[in-house]
Amino acid sequence: RAPTMARWVAYSPLNAELDVFDKLDKSTEALEADGGDLTAAFPLFGVRLEKGAFAAYAAEGEEEFLINAATAGMGVDFNRIGGEFSFHTVYEVDLGTMNKDSAGNPIRSVYQRADSVVSPTDRSMVFDFLPEEEADYSGMAARYRRHLEESGLLDGKTEKGGALVLDLFIGAREETVSGRFVTATTFQQARAIIGELIAAGADNLVVNLRGWQKNGYGANPMTFSAGSQAGGGAGLRELAAFCRERGVTLNLDVNLTDVTAAYGGLGASGYGIRNANNDTVSDYLKTRFLMNLEDAAARWSKLLSRREALPVSGIVFERIGSLVVRDYHSKRTAFRGDAVAQYRGYLDEAREAFGFAGIQGANIYGAAADLVMEVENGGAMCVLSDEDVPVYQMLIHGSALYTGIPFNLAADAAEQRLKNIEYGANPYFELTWEEPGLLTDTAYKTLFSGRYAAWKETVVQTAKEYAAREGLVSSPMRRHTVLEDGLTAVEYDGWTVVLNYGAAEGA
C-alpha cells in the first residue's frame, strides 16, 4: 500500500466547529476535526512485534493526548507510532481580504496562530512492557483496564446484567411554518408497551424516554417539564410509579450540550462557546450552538431542583460522551479538562439523585456511567493494525452496560446480532407507538422502522435470549481472538463464545 500517516486526538477535535450539512442523523451537530485528524475514544496505543509488545497510555491529561502513526516510506523506511500532548492549539485567523481569483471567486487569506494559553493540567504517559504470555492486543487492553480500575473510573460490576435497553420516542415539533407537535408515543402508551413486554416475559428492562419534555426532541435548552401532548407531569409520574413497582429502570434523555435558536430565542448565541478567534461556534446559518459549561451547569442544577417532580430512575445524557468543548470566552474560559470533569460530575450527581446514569458516546470517561449508548460495534483499527479487536469493549465489559445501534435500524439484522454477541453489547431497540413516519418533518428523521406493534415479538424473543446469557454480560471480557476460516473466539470469566460468520460450516 502507499505510505500513509494519521493522527488521532483523544475524545474530540482540538478546534471545535459545527458541521450540520447533509446530515439526517439524531446527533445533527458533529464536531469536525481540522486537517483530517481522527478522534480516539481512549488515550491508548500499543505495538506487537513477534513475541514482544507494549501498551502506552496517557495517565494524566488524557484530554490533551494525541497519537501519531505512519507507515514505512513516510520520511523513513519503517512503521512507527507515538504519543504526544497538546500544549498550544494552532488555529487559523481570517484576514478578511477582498481579493478574487480569475473566475471572480473570493480568495480567503488566512494565517496560522498558536494559542498562547496552556491548559493547567498535569500530563504523563505510561509505557507498559508486556510479558510474552500477554504480548497481544488483548494484553494491552487488560493493562489499560487495570489502570482504569486503579484510578476509580471502573468501579465494580453492572447490576442489570443482560437487560434489554429500550428507547421510547415521545415527540417533536415539525420544522415547518406551523410547528405542529407530533406525538409518537404518549406516557400512557409507553406504560402499555412496558406492561405488555413484562407480561410476555421480557422483564429486565432499561427504558429511556426521548423527546419527553415540553416542545419535544430538539428543543434546547431544555425546560425539564414533561410535554403536555404526551400526558404532562401527571402522566410521567404515573408511568414512573408503574415502572418502579415492576423493577423497570426508567430514564429521561437530557441534552446539556446544544442550543437551537428556535428555542433559545434572540439570546441563543449567548449560550455558545467561543473559539480561539472569539467567534461563537455555530452552524452556517447561526441556528445551532454548543452550550458553554457555565450555562450547562446552571441547567443541570435546575433539573436537580425538579427531582421531586421527576420521580424517574435515572438520567441519560445526550452527546457528552463524544463531545469535549474548549471555551475561549474571556469571562468564562474553560479547558478540555474542565469539560471532562464536569461531565463526570453529572454522572456522579445523577446516580446520587436518581440512582442511574447513562451517557451517549463512547469516550472512556463515560465508562463511569451505568449505561453507555451507541458504542460502535467494531474494533480498534488503524493504518498499522492487523486484527480487528474490540478494545473499548474489553475495557468496560462487565462494569457498565453498553449498546450498539438499535436492532430495528440495522441494515443486516443477522450480522448485527452476531456483532452484538461478539462485542458484548446489550440488546437495544428504539420504538414508537405510532408509525414513525409521522416524524419525517421534525428534527428526528431517521427512525424509519420502529413501530412497537411490528417489533413486539422480536423484542420479546431477543430479551429472553439475552436473559439466558446474563452471567456472560456481567463478566469481564478477557480475550478476543480472530481464528481461521472466519471464526472468532471471545473469552469471559467462565465463558467462551465462538462465532461463525459463515465461512466454516458446522462450527
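Here's a quick rundown of the structure.

What counts and how
Within each chain, residues carry numbers counting from 1 in the order of the written sequence. Two thresholds apply to this predicted model, a pLDDT of at least 70 for residue-level local features and 80 or more for giving and counting side-chain atom pairs, whereas whole-chain, interface and lining totals are computed over all residues. To obtain the side-chain values, all non-hydrogen atoms of the structure were used and water was disregarded. Angular values range over 0 to 180 degrees, each being the angle between N-to-C directions of two axes fitted as lines to C-alpha atoms, with helices fitted over their stretch in contact. The numbering of helices and of strands both runs from the N terminus, where a helix is a DSSP run of H or I of at least 4 residues and a strand a run of E of at least 2. Oblique is the label for every angle not falling under 35 degrees (roughly parallel), over 145 degrees (roughly antiparallel), or within 65 to 115 degrees (roughly perpendicular). By convention, the crossing between two helices is left-handed when the near helix turns anticlockwise from the far helix through less than a right angle, and right-handed when the turn is clockwise. Between two residues, a contact is recorded if the distance between any of their heavy atoms is within 4.5 Å. Any residue that is not Ala, Val, Leu, Ile, Met, Phe, Trp, Tyr, Cys, Pro, Asp, Glu, Lys or Arg is counted as polar, Gly included; the first ten are nonpolar and the last four charged. Whenever Lys or Arg places a side-chain nitrogen within 4 Å of a carboxyl oxygen from Asp or Glu, that contact is recorded as a salt bridge. Only protein chains enter the calculation, and the probe is 1.4 Å; a residue is then buried if its accessible area is under 20% of its type maximum, exposed if over 50%, and partly exposed in between. Residues enter a nonpolar core if they are buried and are Ala, Val, Leu, Ile, Met, Phe, Trp, Tyr or Cys, with the set joined through side-chain atoms within 4.5 Å. Here, strands pair whenever DSSP counts at least two bridges between them. Expected span of a helix: the number of residues minus one, times 1.5 Å. Polar contacts, as counted here, are pairs of nitrogen or oxygen atoms within 3.5 Å of one another; within protein the pair requires one atom able to donate a hydrogen and one able to accept it, and residues that are adjacent in sequence qualify only if both atoms are side-chain atoms. Here the aromatic set is Phe, Tyr and Trp, taking the six-membered ring for Trp, and pairing holds for ring centres within 6.5 Å; pairs whose planes are under 30 degrees apart are stacked, those over 60 apart are edge-to-face, and all others are tilted. Note on charges: Lys and Arg go in the positive column, Asp and Glu in the negative column, and His and the chain ends are not counted at all. Clockwise travel from the first strand over the helix to the second, with the strands pointing away from the viewer, marks a crossover as right-handed.

## Looking at the packing of helix α8 (residues 413-422) against helix α9 (residues 452-467)
Consideration 1: Where α8 meets α9, the closest approach of the two axes is 13 Å, and the angle between their N-to-C directions is 30°. Judged by the inter-axis angle, α8 sits roughly parallel to α9. Crossing of α8 against α9: the hand is right-handed. On α9, the residues that touch R417, N420 and I421 of α8 are T458, T462, E465 and Y466.
Consideration 2: Grouping the amino acids of the contact of α8 with α9 by side-chain chemistry returns two nonpolar, three polar and two charged.

## Quick word on the pattern of salt bridges
Consideration 1: By the definition in use, this model includes 20 salt bridges.
Consideration 2: Salt-bridge contacts for R344 lead to E62; the nearest nitrogen and oxygen are separated by 3.4 Å. Taken together, the residues R344 in helix α6 (residues 336-353) and E62 in the loop between β6 (52-60) and β7 (65-70) connect sequence positions 282 residues apart.
Consideration 3: Judged by relative accessible area, which is 28%, R344 ranks as partly exposed.
Consideration 4: Of the charged contacts in the structure, one is a salt bridge between R351 and D348, with a shortest N-O distance of 3.8 Å.

## Describing the nonpolar core
Consideration 1: Of all hydrophobic cores here, the largest spans 115 residues; its most connected members are L209, W212 and I364.
Consideration 2: When sequence neighbours within four positions are dropped, the list of residues in contact with W212 reads I170, F187, M222, F224, S225, A226, G227, L236, L252, D253 and L310.
Consideration 3: Listed in part, the ten residues of the second largest apolar core include F169, A172, V182 and Y217.

## Let's talk about the sheet that holds strand β5 (residues 44-49)
Consideration 1: The three strands are arranged β5-β6-β11 in an open sheet whose pairing can be described as antiparallel. Each end of this open sheet is capped by a strand with a single partner; those strands are β5 and β11 (124-130). Geometrically, the sheet is characterised by an average inter-axis angle of 15° between neighbouring strands, direction not taken into account.
Consideration 2: Relative to β11, β6 is paired through seven bridges, and the arrangement is antiparallel. Looking at β11, one finds that E60 is bridged to S124.
Consideration 3: Packed onto the sheet, helix α1 (residues 137-150) meets β5, β6 and β11 and runs at close to 25° relative to β6.

## Thoughts on α1
Consideration 1: For α1, built from 14 residues, the straight-helix expectation of 20 Å at 1.5 Å per residue is met to within 8% by its first-to-last C-alpha distance of 20 Å.
Consideration 2: Taken across its 14 residues, α1 has ten buried, putting it largely inside the fold.
Consideration 3: Three or more residues of α1 are buried, namely Y137, S138, G139, M140, A141, R143, Y144, R145, H147 and L148.
Consideration 4: Two to three positions downstream of the cap, the backbone nitrogen of S138 sits 3.3 Å from a side-chain oxygen, assigning the N-cap of α1 to D136.
Consideration 5: G152 occupies a position one or two residues after α1 and carries a positive phi of about 90°.

## Digging into the sheet that holds strand β4 (residues 38-40)
Consideration 1: Strand order in the open sheet formed by four strands is β4-β1-β7-β8, and the pairing between neighbours is mixed. Edge positions in the open sheet fall to β4 and β8 (80-85), since each of these has one partner strand only. Geometrically, the sheet is characterised by an average inter-axis angle of 25° between neighbouring strands, direction not taken into account.
Consideration 2: Note that β7 and β8 share six bridges and pair antiparallel. Bridge pairing links A69 to I81 in β8.

## Here's the deal with the environment of T462
Consideration 1: Along the polypeptide, T462 turns up in helix α9.
Consideration 2: Judged by relative accessible area, T462 falls into the buried class, the value being 0%.
Consideration 3: Note: C-alpha distance between T462 and P427 (35 residues apart in sequence) is 7.2 Å.
Consideration 4: Beyond its immediate chain neighbours, meaning those up to four positions away, T462 contacts F407, R417, P427 and F429.

## Some thoughts on the side chain of S119
Consideration 1: Relative to the helices and strands, S119 resides in the loop between β10 (110-114) and β11.
Consideration 2: Contact partners of S119, with chain neighbours within four places excluded, come to E64 and F335.

## What about the packing of aromatic side chains?
Aromatic ring pairs are described here by two measures, namely the spacing of the ring centres and the angle between the planes.
Consideration 1: Counted by the stated rule, this structure contains 19 aromatic pairs.
Consideration 2: Where F54 meets F127, the ring centres are 5.5 Å apart and the plane angle is 50°; that geometry is what we call tilted. With F54 in strand β6 and F127 in strand β11, this residue pair connects regions lying 73 residues apart in the sequence.
Consideration 3: Residue F127 is classed as partly exposed on the basis of its relative accessible area, which comes to 43%.
Consideration 4: An angle of 70° between the planes, with centres 4.7 Å apart, marks the rings of Y217 and Y444 as edge-to-face. Residue Y217 is found in the loop between β15 (205-210) and α3 (232-245), and its partner Y444 is found in the loop between β23 (428-431) and α9; the two are separated by 227 residues along the sequence.

## Section: the side chain of D253
Consideration 1: Within the secondary structure, D253 is located in strand β16 (residues 249-254).
Consideration 2: Within the buried set, D253 has no salt-bridge partner at all; the shortest N-O distance to an opposite charge, 4.2 Å, is to R210.
Consideration 3: With residues up to four places along the chain from it excluded, the contact list for D253 reads L209, R210, W212, M222, V316 and E318.

## Thoughts on the pairing of β16
Consideration 1: Of all six residues in β16, six are buried, a share of seventy percent or more.
Consideration 2: With burial as the criterion, each face of β16 is covered, one bearing T249, N251 and D253 and the other bearing L250, L252 and V254.
Consideration 3: Relative to β16, β15 runs parallel, the two sharing four bridges. Within β16, the residue paired with L209 across the bridge is L252.
Consideration 4: Following the chain from β15 across α3 to the adjacent parallel β16, one finds a crossover that is right-handed.

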